[in-house]
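Observations on the model geometry
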Amino acid sequence: MSVVIREDRGQYMQNLRDWLEQEKDVPLEEMSGFFKRRIGSYEEQMQTWKEAYVRIADWIGSDTKSILDLGCGTGLELESIFRKYPHICVTGIDMCSTMLEQLERKYGKKDIKLICGDYFQEPFEAAGYDMVISFESLHHFLPEEKRGLFEKIRAALRPGGKFLEGDYIACCEEEEVLLRRECGRKRKAGGILEGQFVHFDIPLTLEHETELLRQAGFSQVNVLDCIEGATFIEAVKHS
Ligand SMILES: C[S@@+](CC[C@H](N)C(=O)[O-])C[C@H]1O[C@@H](n2cnc3c(N)ncnc32)[C@H](O)[C@@H]1O
């Protein structure tokens, strides 16, 4: 399927440039602190993607018994999944304990295991999951960081398993380059150490994101849809 990432690319890029100029002196915030400070309004903010949260369940195969959710946050993407598959077994990883506490309050009675940690560092059970999902989390990382993570995701899937990524994808190379450059500038200005995670969006273009998935060994990579700027990509691990 060919998807349109932004309907009005020219206007979108102009708005982005204006916003970056307006925010140029705003310091970066460390990742988990960013979400912790916003926990009160977080779920309301994320309603931009309410349709995406509902649609995500359509892409979970009916034979899926176990899911690994990377950057699960408060579990917004799990609502439609649990509604459709109440007995599905979920492992959720997130580095923000405050987000996980909210998830626990909602889904504590479900078959769910929560890990408070960094998904780049946490080991994943080899061939342990039918699906790996991640919604609106991976666009904070550089391609060289994501490449190794995609290999780890592939190894965590059973043969025939799928990785479903729903994320912010840059509409053009200019957006990818502009945001990465601005992130680098802000990191330098704030004296942020290499390897420290900050909340700043550095999405890749669809071409670059899907190429990384192929490089990680996924032979079939399908673009499913783009809903309110969240692009869904399915990467299949062949048996
Ligand atoms: C925008 S929120 C999305 C959360 C959830 N998927 C949703 O849609 O509501 C991004 C989440 O990714 C988590 N996150 C970012 N980088 C992470 C990392 N390296 N390891 C674990 N969690 C991470 C953040 O703590 C945050 O909860």
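Within each chain, residue numbers correspond to sequence positions counted from 1 in written order. Per-residue local features are limited, in this predicted model, to residues with pLDDT of at least 70; the limit for side-chain atom pairs, both in listing and counting, is 80 or more; totals at the level of whole chains, interfaces and linings are taken over all residues. The side-chain quantities take in all heavy atoms of the structure and omit both hydrogens and water.

For the chain, the name recorded in an unreviewed UniProt entry is Methyltransferase, with Blautia pseudococcoides as its organism.

1. Here's the deal with the site of the ligand
Whether a residue is near a molecule or strand depends on its heavy atoms: if one lies within 4 Å, it is near. Around the ligand, the surrounding shell holds 23 residues, and the nearest of these are Tyr42, Tyr53, Gly71, Asp94 and Ser137. Note that an oxygen atom of the ligand is positioned 2.6 Å from one of the side-chain N or O atoms of Tyr42. In the complex, the protein chains occlude 98% of the 600 Å² of accessible area that the ligand would expose alone. Its residues assigned to classes, the shell around the ligand comprises 15 nonpolar, 4 polar and 4 charged. In the analysis that follows, any N or O atom pair within 3.5 Å is treated as a polar contact, provided that within protein one partner can donate a hydrogen and the other can accept it, and provided that, for residues neighboring in sequence, both atoms belong to side chains. Residue burial considers only the protein chains on display, and all accessible areas are found by Shrake-Rupley using a 1.4 Å probe. When residues are sorted by character, Ala, Val, Leu, Ile, Met, Phe, Trp, Tyr, Cys and Pro go into the nonpolar class, Asp, Glu, Lys and Arg into the charged class, and all the rest, Gly among them, into the polar class.

2. Digging into the layout of surface pockets
Think of a 1 Å grid over the protein atoms and nothing else: a 1.4 Å probe that fits but is trapped marks a cavity, an open set flanked by protein within 12 Å on at least five of seven lines marks a pocket, and residues with an atom within 4 Å of a point count as lining. Grid points are joined across faces, edges and corners, and a volume is the space filled by probe spheres set on the points. Empty space within the second largest pocket amounts to approximately 220 Å³. If you trace the second largest pocket, you find 14 residues lining it, with Leu142, Glu145, Cys183, Arg187 and Ile202 closest to the centre. It is helix α8 (residues 173-189) that provides the largest number of residues to the lining of the second largest pocket, a total of 4 residues. Secondary structure elements are defined from DSSP: runs of H or I of at least 4 residues count as helices, runs of E of at least 2 residues count as strands, and each element is numbered from the N terminus.

3. A closer look at the pattern of salt bridges
What makes a salt bridge here is a side-chain nitrogen of Lys or Arg within 4 Å of a carboxyl oxygen of Asp or Glu, nothing more. Inspection of the entire model under this criterion finds 15 salt bridges. Between Glu21 and Lys24 there is a salt bridge whose closest N-O contact spans 3.2 Å. For every residue, the accessible area obtained with a 1.4 Å probe (protein chains only) is divided by the maximum for its type, and the residue is called buried under 20%, exposed over 50%, and partly exposed between those limits. Residue classification places Glu21 among the partly exposed residues on the basis of a relative accessible area of 48%. Residue Lys24 is classed as partly exposed on the basis of its relative accessible area, which comes to 34%. The partner of Glu176 in a salt bridge is Arg180, and the shortest N-O contact between them spans 2.7 Å. Of this pair, Glu176 and Arg180 both sit in helix α8, 4 residues apart, roughly one helical turn.

4. Re the sheet that holds strand β5 (residues 157-168)
As a general point, the strands of a sheet are linked pairwise by backbone hydrogen bonds and lie either parallel or antiparallel. Spatially, β3-β2-β1-β4-β5-β7-β6 is the arrangement adopted by the 7 strands of the open sheet, whose pairing is mixed. Of all strands in the sheet, those with a lone pairing partner are β3 (112-116) and β6 (220-227), marking the two edges. Each neighbouring strand pair of the sheet contributes to a mean axis angle of 15°, computed without reference to strand direction. For two strands to be treated as a pair, DSSP must find at least two bridges joining them. Relative to strand β4 (residues 129-135), strand β1 (residues 66-70) is paired through 3 bridges, and the arrangement is parallel. Within β4, the residue paired with Ile67 across the bridge is Met131. Helix α6 (residues 97-107) contacts β2 (89-94) and β3 of the sheet and is inclined by roughly 170° relative to β3. Simply put, an axis is a line fit to the C-alpha atoms, just over the touching stretch for a helix, and the angle between two N-to-C directions goes from 0 to 180 degrees. We call two residues in contact when some of their heavy atoms are within 4.5 Å.

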